[in-house]
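# Observations on the model geometry
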Amino acid sequence: MEFDYFIVGQGLCGTLLARQLINAGKRILIIDDGKPDASSRVAGGLINPVTGKRMVRSWLIDQLLPTAIEEYTAIGNESGEQVVTVTDIIDCYTSSDDKRQFYDRALADSEFLYVDDLSGTFNQYFHLPFGTGQIKPALHIRIGTILNHWRSRLDASGMLAKTSFNLQECQISPESVTWNGTRASGIIFCDGQAANSNPYFHMLPWSKDKGEVLIASIPTLPGNHIYRYGHISLVPWDGGLFWIGASHDWKYVTTDPTDAFRTNTISILEKWLKVPFQIVD
């Protein structure tokens, strides 16, 4: 069987691209081994309209937000499950400087930043000596739900090869690409950090970044908001749990979880949370 495209990687990028190509009438084959610790599988799924310590607008956010709502709503309708939630981020200030910086940014650009202090609503859950701000709208995408639905759909349609990809098994010519005896007109790489070792892309200025997260049970904390304290975010997760993260490590030597991140994050949670929590993963 011949395809129009091979797609390497069934993360969020590969899945959304596959959907677009299928809707355009193209024949595709996704090659993916289903690693449980792939970036898309462990991502919190948060689209934040502001970014960084300076809380400036995320790149192209005015176009991104309505497009994301439209596309993810359509994907949810196709699968029969809700995969996008329009929500807010409750920003719990860590210091007076943190609060002042939020206020300054809200004065400069008030579309997404709200300075009304919601401590009265949330002080039963958190220690809030400096109060709170609010960021909205933000989007919470249930990436795992999307990936699982599309993996089943692709598999049932003969468009998924559940194996790891090795470029040495490819024969690439100007006219076509052949992989394991199957031919396509082209190949598209959506395999994340693996592109760092791809001879076609290894000269790009890669900066690999390792993130760690914890999954926790916090049964009394409302799950209809995202909460932030410094660099730590609490994001609703499957089964009523919370995703807690993430770290950034540009000098890591292992991709495994570390005791240091777990210990440091638990220490922050003990300082921040008033309600009981239990780390489950």
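Please refer to the structure higher up on the page.
## Observations concerning the packing of aromatic side chains
- One pass over the structure, following the stated rule, counts 11 aromatic pairs.
- A ring pair is formed by F165 and F189, whose centres lie 5.8 Å apart and whose planes are at 70 degrees; its orientation type is edge-to-face. Placement of the pair is F165 in the loop between β9 (160-161) and β10 (170-172) and F189 in strand β12 (residues 182-189), with a sequence separation of 24 residues.
- We classify F189 as buried; its relative accessible area is 19%.
- Aromatic ring contacts, followed pair by pair, group F3, F6, F165, W179, F189, Y200 and F201 into a single cluster.

## Concerning the environment of T15
- In this structure, T15 sits in helix α1 (residues 12-23).
- Residue classification places T15 among the buried residues on the basis of a relative accessible area of 1%.
- The residues contacting T15, other than those within four sequence positions of it, are Q10, I146, L147 and W150.

## Brief notes about the pairing of strand β14 (residues 226-229)
- A two-sided burial pattern is seen for β14, the buried positions comprising I226 and R228 on one face and Y227 and Y229 on the other.
- Alignment of strand β6 (residues 84-92) against β14, held across three bridges, turns out to be parallel. Across the sheet, I89 pairs through a bridge with I226, a residue of β14.
- When β14 meets strand β15 (residues 232-236), the two strands line up antiparallel, connected through three bridges. The residue of β15 that forms the bridge with Y227 is L234.
- A loop of two residues connects β14 with β15, the two strands running antiparallel in sequence, and G230 in this loop sits at a positive phi of about 65 degrees.

## So, the packing of α1 against helix α6 (residues 143-156)
- Relative to each other, α1 and α6 sit at 50 degrees, their axes nearing to 10 Å. Between α1 and α6, the angle is such that the two are oblique. The hand of the α1/α6 crossing is left-handed. Facing L12, T15, R19 and I22 of α1, the residues of α6 in contact are I143, I146, L147, W150 and L154.
- Of the residues assigned to the contact of α1 with α6, the class counts are seven nonpolar, one polar and one charged.

## Things to note about the environment of I188
- Residue position: I188 is located in strand β12.
- Overall, the relative accessible area of 26% leaves I188 in the partly exposed class.
- On a C-alpha basis, the gap between I188 and I7 in space is 4.9 Å, while along the polypeptide they are 181 residues apart.
- In this structure I188 touches Y5, F6, I7, V8, L17 and L21, once residues within four positions along its chain are discounted.

## Topic: empty space enclosed by the protein
- Overall, the coordinates contain one cavity of 30 Å³ or more when judged by the stated rule.
- Considered as a void within the structure, the largest cavity measures approximately 30 Å³ in volume.
- Taken together, V50, M55, R57, R105, D109, F112 and L113 make up the lining of the largest cavity.

## Brief notes about the pattern of salt bridges
- Summed over all chains, the structure comprises 13 salt bridges.
- R19 is paired through a salt bridge with E71; the nearest N and O atoms lie 2.9 Å apart. Separated by 52 residues along the polypeptide, R19 in helix α1 and E71 in helix α3 (residues 61-79) bring together distant segments of the chain.
- Salt-bridge contacts for D109 lead to R57; the nearest nitrogen and oxygen are separated by 2.5 Å. Placement of the pair is D109 in the loop between α4 (96-108) and β7 (113-114) and R57 in strand β5 (residues 56-57), with a sequence separation of 52 residues.
- Taking relative accessible area as the criterion, D109 reaches 19% and is therefore assigned buried.
- On the basis of relative accessibility, which here comes to 30%, the residue R57 falls in the partly exposed class.
- One network of salt bridges, with partners in common, ties together R57, D62, D109 and E111.

## Regarding the packing of α1 against α3
- Across the interface, α1 lies against α3 with an axial gap of 13 Å and an inter-helix angle of 75 degrees. It follows that α1 is roughly perpendicular to α3 by the angle criterion. Listed contacts from α3 to L12, L16, R19 and Q20 of α1 are E71, Y72, A74, I75 and E78.

## Overview of α4
- Between the first and last C-alpha of α4 there are 19 Å, a value that for 13 residues agrees with the 18 Å anticipated at 1.5 Å per step.
- Within the span of α4, buried status applies to D98, F102 and A106. All buried residues of α4 lie within an arc of 70 degrees about the axis, which places them on one face of the element. Looking at α4, the residues exposed on the side facing more than 90 degrees away from the buried face are L107 and A108.
- On its buried face, α4 is in contact with β6, β7 and β8 (132-141).

Reading guide: rules and limits
- Residues numbered from 1 in each chain as written.
- Predicted model: local features only at pLDDT ≥ 70, side-chain atom pairs only at ≥ 80, totals over all residues.
- Heavy atoms only, no water.
- Phe/Tyr/Trp six-rings, centres within 6.5 Å; stacked < 30°, edge-to-face > 60°.
- Helix = DSSP H or I, 4+ residues; strand = E, 2+ residues; numbered from the N terminus.
- Buried < 20%, exposed > 50% of the residue type's maximum accessible area, 1.4 Å probe, protein only.
- Contact = heavy atoms within 4.5 Å.
- Pairing = 2+ DSSP bridges.
- Axes fitted to C-alpha atoms, helices over the stretch in contact; angles between N-to-C directions.
- Parallel < 35°, antiparallel > 145°, perpendicular 65-115°, else oblique.
- Left-handed = near helix turned anticlockwise from the far one by under 90°.
- Nonpolar A, V, L, I, M, F, W, Y, C, P; charged D, E, K, R; others polar.
- 1 Å grid on protein atoms, 1.4 Å probe; cavity = no way out; pocket = protein on both sides within 12 Å on 5 of 7 lines; lining within 4 Å.
- Points joined across faces, edges and corners; volume = space filled by probe spheres on them.
- Salt bridge = Lys/Arg side-chain N within 4 Å of Asp/Glu carboxyl O.
- Expected span 1.5 Å × (residues − 1).
- Arc of directions from axis to C-beta.

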